[in-house]
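Structural characterization, general
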Amino acid sequence: MLILGLETSCDETGVALYDGAQGLLAHVLYSQASLHALYGGVVPELASRDHVQRILPLVDEALAQAHLESSAIEGVAYTAGPGLIGALLVGACVGHSLAWAWQVPAIAVNHLEAHLLASMLEPDPPTFPFIALLVSGGHTLLVEVSGLGRYRVLGESRDDAAGEAFDKVAKLLGLGYPGGPAIARMAERGCPDRFELPRPMTDRPGLDFSFSGLKTAVLNVWNREPHSEELVADLARAFEDAVVDTLVIKCRQALQALGHSNLIIAGGVGANQRLRQRLRALTDTLRVRLYFPRPEFCTDNGAMIAYTGYRRLAAGQGETTTLQVAARWPLSELSPP
Ligand code: KG4
Ligand code: ZN
């Protein structure tokens, strides 16, 4: 079964073709990062308008990459939420229109579920059950995944998401948008021992996170110290270390509490190399297997949407008959196909 996947929940237009027998056949992406960089963050209306312009040429490009005609497509999966409502509407309208024109099912995909399944696009994919750390611009979640649509949230952020904290601290330090990669680059040059920032909520039981205090701790140092490139690098390093440490401690607690032998990483912050190294060390010690998508499938992409749509259609889920989008759509509302 060949599925076209459309991702338009935020500032990336992603299109991909996934086939049940042959795997991923095409994957193209247009990032609006430079469009929003001028404003220091995503401007929703600009994002929607840009998706409108990009999406159909990207569909053509994906078909050309796979050397296929549109008549080969057997279903259209689109991100229906969570995300920016106008941006989601573009993917939903285009998805339903194409599905209607081609007389194939349309299927609404949850963006968080797609992130959770993204590592299954890699060779040697994980099998259920596993614990997932989903760290993106909008979410920080530890989830027990026991099957498709079977998700139990073990912990989540009470305030800022991990990626959001990266973006806000980058803005404060004048590193621009998107913040995660910029902080990671600066941190390479920073001294690891100059500042010790808190590891929020790691001294108590429970698997929730909180990152807004960490952002304030960075602000306090920033207001106290004379500004220099060295300060930016040292603070970027201290901040990255604090976030990574916090995420690693919570993963250890979750693995020890639940006894699962698989950990998977998902979401944009999962592209962070220091986080990957530290989790590799943790899972080696605990004799747990660690899986993560290639960095480009950690951040938003069409491949994970096509794959999730495929899994649900293949498992017998019916088509989505109404044009369905939701700014908020928590994992807890999902059920198996
Ligand atoms: O999953 P994603 O592309 O979009 C959402 O669904 O939110 O995640 C984007 C987030 C941004 O906050 C970005 O700063 C962060 O992921 N990010 C990173 C890195 N690459 C992207 N954070 C830390 N280190 C990175 N290398
Ligand atoms: Zn995402």
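Scroll up a little and you will see the structure.
Notes on the structure follow. Note that the coordinates shown come from a computational prediction; the quantities given were computed from them, not determined experimentally.

Within the largest apolar cluster, 60 residues are counted, with the highest numbers of intra-cluster contacts made by Leu4, Leu6, Val15, Leu17, Leu116, Tyr151 and Leu331. It is helix α11 (residues 303-314) that contributes the most residues to this core, seven residues altogether. Those residues in contact with Tyr151 that sit more than four places away from it in its chain are Glu113, Leu116, Leu117, Val143, Glu144, Val145, Leu331 and Leu334. The next biggest cluster of nonpolar side chains, apart from the first, holds 47 residues, and it includes Leu207, Phe209, Val232 and Phe239.

Contact geometry for helix α5 (residues 162-172) and helix α8 (residues 229-258): axes closest at 11 Å, N-to-C directions at 175 degrees. The pairing of α5 with α8 is recorded here as roughly antiparallel in orientation. Contacts between α5 and α8 involve Ala162, Ala165, Phe166 and Val169 from the first element and Phe239, Glu240 and Val243 from the second. Tallied by class, the residues present in the contact of α5 with α8 amount to six nonpolar, no polar and one charged.

Quick look at the coordination of the zinc ion (ligand 2) now. For the zinc ion (ligand 2), the protein coordination sphere consists of His111 (NE2), His115 (NE2) and Asp300 (OD), at 2.0 to 2.1 Å. Note that the zinc ion (ligand 2) binds four donor atoms; their angles at the metal cover 93 to 137 degrees, and the shape is irregular. Written as a sequence motif, the donor arrangement for the zinc ion (ligand 2) is H-x3-H-x184-D. Here His111 is found in helix α4 (residues 111-117), whereas its partner Asp300 is found in the loop between α10 (295-298) and α11, with 189 residues between them in sequence. The class of His111 is buried, set by a relative accessible area of 7%.

What counts, and at which threshold
Residues numbered from 1 in each chain as written. Chains lettered and ligands numbered in written order. Predicted model: local features only at pLDDT ≥ 70, side-chain atom pairs only at ≥ 80, totals over all residues. Heavy atoms only, no water. Core = buried A, V, L, I, M, F, W, Y, C linked by side-chain atoms within 4.5 Å. Buried < 20%, exposed > 50% of the residue type's maximum accessible area, 1.4 Å probe, protein only. Helix = DSSP H or I, 4+ residues; strand = E, 2+ residues; numbered from the N terminus. Contact = heavy atoms within 4.5 Å. Axes fitted to C-alpha atoms, helices over the stretch in contact; angles between N-to-C directions. Parallel < 35°, antiparallel > 145°, perpendicular 65-115°, else oblique. Nonpolar A, V, L, I, M, F, W, Y, C, P; charged D, E, K, R; others polar. Donors = N, O, S within 2.8 Å, 3.2 Å for Na, K, Ca; no water. Tetrahedral: all angles 85-135°; square planar, octahedral: opposite > 155°, others 65-115°.

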